[in-house]
Amino acid sequence: MPAYMILIREKLRDAEAMKRYAEGAGEARHGHDLKPLAFYGACETLEGAAADGVVVIEFPDRAAAKAWYQSPAYAAAREHRFQGADYRVILVDGLG
């Protein structure tokens, strides 16, 4: 069953840290089966708190999503994201 990771940027605090995050996160994709479905495109909040940016990534299953998120390469990149912005990250099972 596919799984989807949704990263919601709530507030940008440090653009340079986010640039380092983007570089590291891109490199962390190697060896992982993931498919970006939405990547900081125009978004409109219809309910709830406004989002500054949204990313949606498809994985073959929950285990693959966690393997990427917990990988050493992404963990290193993620530290820059923690410095650069406030995010919510949600993992949800798809229909399968």
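An account of the accompanying structure is given in this report. Computed from a predicted structure; not experimentally measured.

## Overview of the side chain of Ser71
Item 1. As for its position among the elements, Ser71 is in the loop between α2 (62–69) and α3 (72–84).
Item 2. Among the polar contacts listed, one links the side chain of Ser71 to the backbone oxygen of Trp68, at a separation of 2.8 Å.

## Notes on the packing of helix α1 (residues 15–28) against α3
Item 1. Their axes nearest at 8 Å, the elements α1 and α3 cross at an angle of 160 degrees. What the angle tells us is that α1 and α3 run roughly antiparallel. For the pair α1 and α3, the sense of crossing is left-handed. Here Ala17, Met18, Arg20, Tyr21, Gly24, Ala25 and Ala28 of α1 lie close against α3, whose contacting residues are Ala73, Tyr74, Ala77, Arg78, His80, Arg81, Gln83 and Gly84.
Item 2. Its residues placed into classes, the contact of α1 with α3 shows eight nonpolar, four polar and three charged.

## Focus: the environment of Gly24
Item 1. With respect to the helices and strands, Gly24 occurs in helix α1.
Item 2. Separated by 55 residues in the primary sequence, Gly24 and Glu79 have C-alpha atoms spaced 9.9 Å apart.

## Comments concerning the nonpolar core
Item 1. In this structure, Met5, Leu7, Tyr21, Ile57, Phe59, Trp68 and Tyr74 are the most contacted members of the largest nonpolar core, which totals 16 residues.
Item 2. A total of four residues in this core trace back to one element, the largest contributor, which is α1.
Item 3. The contact partners of Tyr74, leaving out residues within four places of it in the chain, are Leu7, Tyr21, Ala25, Ala28, Trp68, Tyr69 and Arg81.

## Some remarks on the pattern of salt bridges
Item 1. Inspection of every chain in the model, using the stated rule, returns four salt bridges.
Item 2. Of the charged contacts, one joins Glu10 and Arg88 as a salt bridge, the two residues approaching to 2.5 Å between their closest N and O atoms. Note that Glu10 is positioned in strand β1 (residues 3–12) and Arg88 in strand β4 (residues 85–93), a separation of 78 residues in sequence.
Item 3. Accessibility expressed as a relative area gives 38% for Arg88, which makes it partly exposed.
Item 4. Across the pair Arg13 and Asp86 runs a salt bridge, and its minimum N-O distance is 2.9 Å.

So, how was this worked out
- Residues numbered from 1 in each chain as written.
- Predicted model: local features only at pLDDT ≥ 70, side-chain atom pairs only at ≥ 80, totals over all residues.
- Heavy atoms only, no water.
- Helix = DSSP H or I, 4+ residues; strand = E, 2+ residues; numbered from the N terminus.
- Polar contact = N/O pair within 3.5 Å; in protein donor to acceptor, adjacent residues only side chain to side chain.
- Axes fitted to C-alpha atoms, helices over the stretch in contact; angles between N-to-C directions.
- Parallel < 35°, antiparallel > 145°, perpendicular 65-115°, else oblique.
- Left-handed = near helix turned anticlockwise from the far one by under 90°.
- Contact = heavy atoms within 4.5 Å.
- Nonpolar A, V, L, I, M, F, W, Y, C, P; charged D, E, K, R; others polar.
- Core = buried A, V, L, I, M, F, W, Y, C linked by side-chain atoms within 4.5 Å.
- Buried < 20%, exposed > 50% of the residue type's maximum accessible area, 1.4 Å probe, protein only.
- Salt bridge = Lys/Arg side-chain N within 4 Å of Asp/Glu carboxyl O.

Remember that the coordinates give geometry; whether it matters functionally is a separate question.
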